[in-house]
Amino acid sequence: SFYYGTFPAGFLWGVGSSAYQTEGAWDKDGKGPSIWDAFTHKQGKVFRNETGDSACDGYDKVKDDIQLLKELKVNHYLFSISWPRIMPTGIKTEQLNEKGIQFYNDTINSLLENNIIPIVSLYHWDLPQVLQEKYGGWQNISMINYFNDYANLCFEKFGDRVKHWITFSNPWAVAEKGYETGEHAPGLKLGGCGAYKAAHHIIKTHAKVWHSYNNTWRSEQQGMVGISLTSGWGEPVDPHSQRDRDAAERYIQFHLGWFANPIYRGDYPEIMKNYVGRKSAQQGLGTSRLPTFSLQEKTYIKGTSDFLGIGHFTTRYVLQKSFPFLQASSYHTDRDLAELVDPKWPAPGPKWLYSVPWGFRRLLNFIKTQYGNPLIYVTENGVSEKVQCTQLCDEWRIEYLKGYINEILKALNDGVNVKGYTAWSLLDKFEWNKGFSERFGFYHIDFKNKNKPRYPKASVDYYKKIIGANGFPNPREVENWYRKAMDTCSTTHQLLATDSLISHMEMVTEIVLPTVFTLCILISIVLLIFYLRNHS
């Protein structure tokens, strides 16, 4: 049932985005190429072969987008720094890009001038391409020192103003989609080993960066360093079946626990070590495909997070499913489980994203129990639409936000230590291998228009009301928010239709008129030649 009430005073409300998805300007002002530049420039990797070369033009429109944040009345903005924009090859000793550093300095200053707290992720998937080509990216242990140099540069240049740092955003996707399935950059399919190896190096890197901040910068800058882990919730299909309950436990441990357990408890989850170890032995391997931490490393990694960032989108029903012994092993078959969805769950966007708000409260309570009730910031939560026609009256997003934010309120009453919420995302943007086909934004972007204008959806008005009231005061008021949001979006729709028509006319003027003019000249020349021939 819906719970009416407000959040504690000082609760932070914000929105997020990431560098590659929004900035564009992929080779401008000295930026080096990233693995996503290389990946999207290959045919067949992304839906319709779209790229983030210009994305939302966020690099040039940063001031405009900060005005949108003001309009939303958010307390914070979560964004990521593009490693190759400030360090073109990824190697500090080789080259620094002052224009890139200046861009982020200006962004941070502009946010603070508008009373918006910057929450900065150091890595949202755009590894410098040079490090991928030279060393194999996250498969190589040398990434630890290169990334630590980059992080220290960021602390040095921006740490006097940035007090909330995220080392990695959703490292699960980096490892699993980048090095196991190859759906994401760098597009490697290193079945059974690649994801585990990449994750192992990422966890060690995170710990090193935390210690760097702790030893060198903390006393002076007084900031916090955490990590952002994205995880669904797994609910047993039959809660009375021990096999299904165990499978649901594995679902969470192989997803969230893979990264959170080493950071909060010093090692990989036991269930993960047992399953991957056993399957590796069945394959005839001498050692487990899941790497191990030395005793010294366990101590070094444990406790390296001042807060836990949580990204959460959806839930699955989970049941036990044994995979027959196969020579071709994978992260997915290691788990011995199958995922199901309830056909009654709303799915406004892509096939994977079902709206199941109650799963969020269960996930938050699981974190509280498993990891000693850490300080939590929700770093990503939202829903996309996968409709080709423009949808500004996004009532499904309003329902999704209302449901999921309400479950956080319930979790707070359960004693979970959540301090802030980041809705995903500010703008419609480039959605990785899905291109521009999925839209998560509060603001619609007309990507066909060269100026890429932003238009508020109904959810802007609704989210603004939640922020203003710091929660859900009473049924009457909340119902009123919905009606007002729907009225606003109808007006914006008319504006968008007019702008589209003008843009279309401009395109006609820019393309058709010069073409017609050129044809007229050519025809005139041909007629003149005929005329002169006849007369001669």
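Remember, it's a predicted structure, so these values are computed and weren't measured experimentally. (Residues numbered from 1 in each chain as written. Predicted model: local features only at pLDDT ≥ 70, side-chain atom pairs only at ≥ 80, totals over all residues. Heavy atoms only, no water.)

**Focus: the state of the cysteines**
By definition, a disulfide links two cysteine residues through a covalent bond between their sulfur atoms. In this structure the tally under the stated criterion is one disulfide. In this model Cys393 forms its disulfide with Cys489; the gap between the sulfur atoms is 2.0 Å. Taking the sign of the S-S torsion, 105° for the link of Cys393 and Cys489, the bridge is right-handed. Taken together, the positions of Cys393 in the loop between β11 (376-380) and α15 (395-413) and Cys489 in helix α17 (residues 475-535) put the pair 96 residues apart, joining distant regions of the chain. Taken as a pair, Cys393 and Cys489 share a single burial class, namely buried. (Disulfide = S-S within 2.5 Å. Helix = DSSP H or I, 4+ residues; strand = E, 2+ residues; numbered from the N terminus. Buried < 20%, exposed > 50% of the residue type's maximum accessible area, 1.4 Å probe, protein only.)

**A short note on the UniProt feature "active site" (unreviewed entry) in the protein**
Cross-referencing UniProt, the feature "active site" (unreviewed entry) maps to Glu380 in the present numbering. Among the structural elements, Glu380 can be located in strand β11. Those residues in contact with Glu380, other than ones at most four positions away along the chain, are His124, Thr230, Ile310, Gly311, His312, Phe313, Thr422 and Trp424. (UniProt positions renumbered as here; feature names shortened; annotations may be inferred. Contact = heavy atoms within 4.5 Å.)

**Regarding the pattern of salt bridges**
The tally for this structure, following the rule as stated, stands at 27 salt bridges. For Lys465, the salt bridge is made with Asp461, and the minimal N-O distance between the two is 3.3 Å. Placement of the pair is Lys465 and Asp461 together in helix α16 (residues 458-469), with a separation of four residues, close to one helical turn. Here the residues in one salt-bridge network are Glu385, Asp394, Arg397, Asp428, Arg439 and Lys457, joined through shared partners. (Salt bridge = Lys/Arg side-chain N within 4 Å of Asp/Glu carboxyl O.)

**Notes on the packing of α15 against α16**
Packing of α15 against α16 brings their axes to within 9 Å, and their N-to-C directions diverge by 25°. Accordingly, the angle class assigned to the pair α15 and α16 is roughly parallel. Crossing angle aside, the handedness with which α15 passes α16 is right-handed. Between α15 and α16, the residues in contact are Arg397, Ile398, Leu401, Lys402 and Ile405 and Ala458, Ser459, Tyr462, Tyr463 and Ile466, respectively. Tallied by class, the residues present in the contact of α15 with α16 amount to seven nonpolar, one polar and two charged. (Axes fitted to C-alpha atoms, helices over the stretch in contact; angles between N-to-C directions. Parallel < 35°, antiparallel > 145°, perpendicular 65-115°, else oblique. Left-handed = near helix turned anticlockwise from the far one by under 90°. Nonpolar A, V, L, I, M, F, W, Y, C, P; charged D, E, K, R; others polar.)

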